[in-house]
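Notes for the structure review
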Amino acid sequence: MQVRFQKTVDFIRKIYNKPEGFIPLHVPAFIGNEKKYLNDCIDSTFVSSVGKFVDRFEIKMSKYTGSAKAVTCVNGTNALHLALLMVGVERDTEVITQPLTFIATANAISYCSAKPVFLDVDLDTMGLSPKALLHFLESETVQKAGACYNKTTKQKISACVPMHTFGHPCRIYEIIKICNHYHIPVVEDAAESLGSFYNGQHTGTFGKIGILSFNGNKTITTGGGGMILTNDEELGKHIKHLTTQAKVPHPWEYIHDHVGYNYRMPNINAALGVAQMEQLETFLENKRKTANQYKYFFEKQGIEFFTEPENSCSNYWLNIILLNDRKQRDEFLKFTNENGIMTRPIWRLMNKLEMFKDCQTGDLSNVEWLEDRVINIPSSIRN
């Protein structure tokens, strides 16, 4: 087995052209106008939440994703928090999501004083399973006055948050169809899937609201940063208003008409975003080439490489292999990391974390199977 692990280390060093030293999981690539736009931003003195790069970044993202409105935020977590509030998530309600996700998904639900319900994922997407969703709603909920309620807890199901895991689209059409029948709004956690499409439509644009993330390890980065996407232009304008403390425009008066949020992305971060968007197609082509090379290599090694689901075009944000069991997974993780190749397992499942251990779950057979086998391997843009 260690021979195969060594071959993997050697191959990763070869494709990243780094025979020695540390190879990280995913680092940003600054190969365009990043420094120029940052200097322009500094020279303008508009480095905070007002400036031309904020508007340019939003327009570019709206055009690329096909959404009616895109609103920048400080990060993906507060983008998701605000999106949940906008669809009516309130204290003592419940939000259906998946346990295979980054902690931010569950945290944003908690910020609303709501509680997650964790359902299983599909093995071929690693995203929320429509089958598991439908089974839960049919067996565990009732309809009252045009809303969906949990039979056990008596709490309202106020939203559903599917996540496009590692950039691979989930079965979002089916999820939205089911949720519409049960009067549950869908908020897409597309934090990892900029550049991913399902049936030709960009992720994050299927539900009422979607969100993106531009953390330092994402396909494009603004250092930190996030974006809210919506096809409801008026709702988008309202969201933008709320992200800037709900300040009513006025030449000198400080008047606020809602409880607002300091969630607006600074202009200096948006300057990075504009430059990165100019390179997005190059980045995606680069990542797809890496994924294809990985696929060919691992097939020869008898190791499963996870590829984009049916009817999807994935961004291959983080590449994935699946090993035989947890023992082999842990041996691989130990060997690669000790040899300077950063690899990692999937996140600890949300329902196994202390603060979410009492949340309701469905049958989690698929996600537990994946937890024992999934490994992320280096996926940075290559020179």
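Structural data are supplied above this passage.
What you see is a predicted model, and the numbers here were worked out from it, not measured in a lab.

1. Here's the deal with the overall build of the protein chain
Helices and strands together make up the secondary structure of the protein chain, namely twelve helices and 16 strands. Here the C-alpha atoms of the protein chain give a radius of gyration of 21 Å, agreeing with the 21 Å that 2.2 N^0.38 yields for 383 residues. For the C-alpha atoms alone, the extent of the protein chain along its principal axes is close to 70 × 60 × 35 Å. Residues classed as buried in the protein chain amount to 55% of the 383 residues present. Considering only residue pairs separated by 6 or more positions, the protein chain has 71% of its internal contacts joining residues 24 or more positions apart. Taking the 42 positively charged and 41 negatively charged side chains of the protein chain as two groups, their mean positions are separated by 3 Å.

2. Observations regarding the environment of Phe 298
With respect to the element layout, Phe 298 can be found in helix 10 (residues 280-301). Taking the C-alpha atoms as reference points, Phe 298 and Asp 189, 109 residues apart in sequence, are found 29 Å from one another. Beyond its immediate sequence surroundings of up to four residues, Phe 298 is in contact with Thr 8, Ile 303, Phe 305, Ile 321 and Ile 377.

3. Details of the side chain of Arg 382
Tracing the chain through its elements places Arg 382 in the segment after strand 16 (374-377). Buried within the structure, Arg 382 lacks any salt-bridge partner; its nearest side chain of opposite charge belongs to Glu 285, at an N-O separation of 12 Å. Those residues in contact with Arg 382 that sit more than four places away from it in its chain are Ile 15, Tyr 16, Asn 286, Lys 289, Thr 290 and Gln 293.

4. Structural notes on the sheet that holds strand 11 (residues 226-230)
The four strands lie next to each other as 1-11-10-7, forming an open sheet whose pairing is mixed. If you trace the sheet from one side to the other, it starts and ends with strand 1 (69-73) and strand 7 (187-189), each paired once. If you compare each strand with its neighbour and ignore which way they point, the axes differ by 20° on average. Examined bridge by bridge, strand 10 (residues 209-213) and strand 11 share five bridges and lie antiparallel to one another.

5. So, the packing of helix 4 (residues 76-86) against helix 5 (residues 103-111)
For the pair helix 4 and helix 5, the least separation of the axes is 9 Å and the interaxial angle reads 45°. Put simply, helix 4 runs oblique to helix 5. Relative to helix 5, helix 4 is oriented so that their crossing is right-handed. In this structure, helix 4 uses Thr 77, Leu 80, His 81 and Leu 84 to contact helix 5, whose residues at the interface are Ala 104, Thr 105, Ala 108, Ile 109 and Tyr 111. Looking at side-chain class alone, the contact of helix 4 with helix 5 contains six nonpolar, three polar and no charged residues.

6. Side note on helix 7 (residues 172-181)
Where helix 7 is concerned, the buried positions are Ile 172, Ile 175, Ile 176, Ile 178 and Cys 179. For helix 7, the arc enclosing every buried residue in end-on projection is 165°, short of the 170-degree limit, so these residues lie on one face. Residues of helix 7 that are exposed and point more than 90 degrees away from the buried face comprise Lys 177, Asn 180 and His 181. In this fold, the buried residues of helix 7 make contact with helix 6 (130-140), strand 6 (157-161), strand 7 and strand 8 (197-198).

7. Points about the sheet that holds strand 6
Pairing is parallel across the open sheet formed by three strands, whose spatial order is 3-2-6. Of all strands in the sheet, those with a lone pairing partner are strand 3 (115-118) and strand 6, marking the two edges. Mean inter-strand twist for the sheet, computed between neighbouring axes without regard to direction, equals 30°. Bridging between strand 2 (residues 94-97) and strand 6 involves four bridges; their strand directions are parallel. Paired with Ile 96 across the strands is Cys 160, a residue of strand 6.

8. What to know about the side chain of Glu 192
Along the chain, Glu 192 falls in the loop between strand 7 and strand 8. Buried and unpaired, Glu 192 has no salt bridge, with Lys 218 as the nearest side chain of opposite charge at 5.5 Å. Discounting chain neighbours no more than four positions away, the residues touching Glu 192 are Met 163, His 164, Thr 165, Phe 166, Gly 167, Lys 218, Asn 315, Trp 317 and Trp 347.

9. A few points about the packing of aromatic side chains
Considering all chains together, one arrives at 19 aromatic pairs under this definition. The interplanar angle of 55° and the centroid separation of 6.2 Å between the aromatic rings of Phe 11 and Tyr 294 together place this pair among those described as tilted. Separated by 283 residues along the polypeptide, Phe 11 in helix 1 (residues 2-15) and Tyr 294 in helix 10 bring together distant segments of the chain. Note on accessibility: Phe 11 and Tyr 294 belong to one class, buried. Where Phe 305 meets Tyr 316, the ring centres are 6.4 Å apart and the plane angle is 15°; that geometry is what we call stacked. Taken together, the residues span a long stretch of sequence, with Phe 305 in strand 12 (residues 304-305) and Tyr 316 in the loop between strand 13 (312-313) and strand 14 (319-322) at a distance of eleven residues. Of the two residues, Phe 305 and Tyr 316, neither departs from the other in class, the shared state being buried. Among the aromatic side chains, those forming a connected cluster through ring pairs are Phe 11, Tyr 294, Phe 297, Phe 298, Phe 305 and Tyr 316. Looking at Lys 144, its charged tip hangs above the ring of Tyr 149, at a distance of 5.6 Å from the centre.

The rules behind these values
Residues numbered from 1 in each chain as written. Predicted model: local features only at pLDDT ≥ 70, side-chain atom pairs only at ≥ 80, totals over all residues. Heavy atoms only, no water. Helix = DSSP H or I, 4+ residues; strand = E, 2+ residues; numbered from the N terminus. Rg over C-alpha atoms; globule rule 2.2 N^0.38 Å. Buried < 20%, exposed > 50% of the residue type's maximum accessible area, 1.4 Å probe, protein only. Contact = heavy atoms within 4.5 Å. Lys, Arg positive; Asp, Glu negative; His and termini not counted. Charge placed at Lys NZ, Arg CZ, Asp CG, Glu CD. Salt bridge = Lys/Arg side-chain N within 4 Å of Asp/Glu carboxyl O. Pairing = 2+ DSSP bridges. Axes fitted to C-alpha atoms, helices over the stretch in contact; angles between N-to-C directions. Parallel < 35°, antiparallel > 145°, perpendicular 65-115°, else oblique. Left-handed = near helix turned anticlockwise from the far one by under 90°. Nonpolar A, V, L, I, M, F, W, Y, C, P; charged D, E, K, R; others polar. Arc of directions from axis to C-beta. Phe/Tyr/Trp six-rings, centres within 6.5 Å; stacked < 30°, edge-to-face > 60°. Lys NZ or Arg CZ within 6 Å of the ring centre and 35° of its normal.

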